[in-house]
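Structure assessment
Here is how the chains run, residue by residue.
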Amino acid sequence: MNRAFAAIAATICLLFASGAGADQPVPWQLDLQQPVTSIMHEIKWFSHYTLWFIVPITLLVLALLVWVVVRYRASANPVPSRTSHNTTIEVVWTLGPVLILLFLAIPSFNLLNAQLTMPENPDVTVKATATQWLWSYEYEGMENPVGFDSYLLADKDREKAGKEDRARYPRLLAVDNELVLPVNKTVRMLVTAAPTDVIHAFAMPAFGIKIDAVPGRLNETWFRAEKEGLYYGQCSELCGKDHAFMPIAIRVVSEDQYKTWLAAAGSDLPGAYRQLMAATDAPARAVAVASN
Ligand SMILES: [Cu+2]
């Protein structure tokens, strides 16, 4: 019995386990990705909290259905009751759902409020513009604005880009030019789509953000990543034939690395990335080799 219980518990843990890197989806993942912002921590908590309501309600309804089917089938209950009214039951099934909705609404509105309240003084402002089928990024508020396009990384370009490590640069998620941002800094994201384009959506699961990119409209959201890493998201609005091929990659680095990259990116973008990758990818590779 104990052994069976341990086996079931281990299976459940395995199914819900997220990758050690915690910055991209993993095969057979059931739960949400590891959160790296306060908002995503709250979203994950709220998701698990609602399960404490959903699962018991589903089990109760299932049990009631089974009970009715078995106990009141025609052969066991040839003369049906003609009851059409029961005050106690009616009060319970009205007040019960009201209370449950209240318990869901209060944390839900708090979370929504936290998401929609823009920080007063963001450290960095970036504009993301979606086009069929790429993302363009622009760092705002600089004398010489840094801007570039970010395309899906094709397999044939991996070698040239130095991105052959498929664990760090997964197929269909890796891009040529990642959005580079500093860790523990408040980032304001302005999101739109090109004027004659269609609606896209900017989504980064580990950050808990998902916002529509609408032509002619500027949406905004914010986040504060608390851990360095290479994070992956995707366009999350059906936008046409290559909707699945416009991933979003954000490289969260230390403030020094960010400043060095930004200073170089304006004049020599490939060089700035090479320098950044040498600083951030090499230690990860060394660790992987050491653990083998
Ligand atoms: Cu899209």
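Residues numbered from 1 in each chain as written. Predicted model: local features only at pLDDT ≥ 70, side-chain atom pairs only at ≥ 80, totals over all residues.

Pairing in this open sheet of five strands is mixed, and the strands run 3-2-1-5-8 from one edge to the other. Edge positions in the sheet fall to strand 3 (147-150) and strand 8 (219-223), since each of these pairs with one other strand and no more. Neighbour-to-neighbour, the strand axes of the sheet open up by a mean angle of 25°, direction not taken into account. (Pairing = 2+ DSSP bridges. Helix = DSSP H or I, 4+ residues; strand = E, 2+ residues; numbered from the N terminus. Axes fitted to C-alpha atoms, helices over the stretch in contact; angles between N-to-C directions.)

In this section: the nonpolar core. With 49 residues, the main nonpolar core has Ala128, Leu181, Phe207, Tyr231, Ala249 and Ile250 as its most contacted residues. A per-element tally of this core places strand 10 (residues 247-253) first, with five residues. Beyond its immediate stretch of four places on either side in the chain, tyrosine 231 contacts Asp23, Met204, Ala206, Phe207, Ile250 and Val252. (Core = buried A, V, L, I, M, F, W, Y, C linked by C-beta atoms within 7 Å. Buried ≥ 20, exposed ≤ 12 C-beta atoms within 10 Å, placed from the backbone. Contact = placed C-beta atoms within 7 Å.)

Further remarks concern helix 3 (residues 87-116). Here helix 3 contains 30 residues, and its C-alpha end-to-end distance of 43 Å stays within 8% of the 44 Å for a straight helix at 1.5 Å per residue. When you tally the buried positions in helix 3, you get zero out of 30 residues, a small fraction of the element. (Expected span 1.5 Å × (residues − 1).)

The description of two helices packed together rests on the angle between their axes and the distance between the axes. Relative to each other, helix 2 (residues 38-71) and helix 3 sit at 170°, their axes nearing to 11 Å. Compared by their axis directions, helix 2 and helix 3 come out roughly antiparallel. Judged by residue contacts, Ile39, Glu42, Ile43, Phe46, Tyr49, Thr50 and Phe53 of helix 2 engage Ile100, Leu104, Pro107, Ser108, Leu111, Ala114 and Gln115 from helix 3. Taken together, the residues that form the contact of helix 2 with helix 3 break down as 10 nonpolar, three polar and one charged. (Parallel < 35°, antiparallel > 145°, perpendicular 65-115°, else oblique. Nonpolar A, V, L, I, M, F, W, Y, C, P; charged D, E, K, R; others polar.)

With that settled, the discussion passes to helix 2. Each α-helix turn comprises 3.6 residues. Residues three or four places apart therefore point the same way. Between the first and last C-alpha of helix 2 there are 50 Å, a value that for 34 residues agrees with the 50 Å anticipated at 1.5 Å per step. Burial analysis of helix 2 places just two of its 34 residues in the buried class, a small minority of the element.

For the rest of this paragraph, the subject is the pairing of strand 7 (residues 209-213). Where strand 6 (residues 200-204) lies against strand 7, five bridges are found, and the strand directions are antiparallel. Note that in strand 7 the partner of histidine 200 across the bridge is alanine 213. Hairpin remark: strand 6 followed by strand 7, antiparallel, with four residues in the connecting loop; positive phi at glycine 208, about 70°.

The pairing of strands in a sheet happens through backbone hydrogen bonds and is either parallel or antiparallel. A sheet is described by the order of its strands in space; here three strands give the open sequence 4-10-9, paired in mixed fashion. Every interior strand has two partners, whereas the edge strands, strand 4 (179-182) and strand 9 (229-234), have only one. Averaged over all pairs of adjacent strands, the angle between strand axes in this sheet comes to 25°, irrespective of strand direction. Note: strand 9 against strand 10, six bridges, orientation antiparallel. Note on strand 10: the bridge partner recorded for tyrosine 231 is isoleucine 250. Against the sheet, helix 5 (residues 255-265) engages strand 4 and strand 10, with an angle of about 135° to strand 4.

As a further point, take the confidence of the model for the protein chain. Model confidence for the protein chain is summarised by a mean pLDDT of 89, while 89% of its residues fall at 70 or above. Considering only residues more than four positions removed or in separate chains, one finds that residues 13-21, a stretch of pLDDT under 50, has 12 contacts. Considering only residues more than four positions removed or in separate chains, one finds that residues 286-292, a stretch of pLDDT under 50, has zero contacts. (pLDDT = per-residue confidence, 0-100.)

Before going further, it helps to examine unusual backbone geometry. In this chain, glutamine 132 is followed by tryptophan 133 through a cis amide linkage whose omega measures 0°. Summarising the element assignment, tryptophan 133 is placed in the loop between strand 1 (124-131) and strand 2 (134-139). Look at asparagine 184: it is not a glycine, yet its phi comes out positive at around 55°. If you trace the backbone, asparagine 184 turns up in the loop between strand 4 and strand 5 (187-193). Note on asparagine 184: 13 C-beta atoms within 10 Å, which makes it partly exposed.

Moving on, we get to the environment of methionine 118. Structurally, the position occupied by methionine 118 is in the loop between helix 3 and strand 1. Measuring from C-alpha to C-alpha, the distance between methionine 118 and valine 187 comes to 10.0 Å, with 69 residues separating the pair along the chain. Once you skip the residues sitting within four places of it in the chain, methionine 118 turns out to touch Arg188, Glu220 and Trp222.

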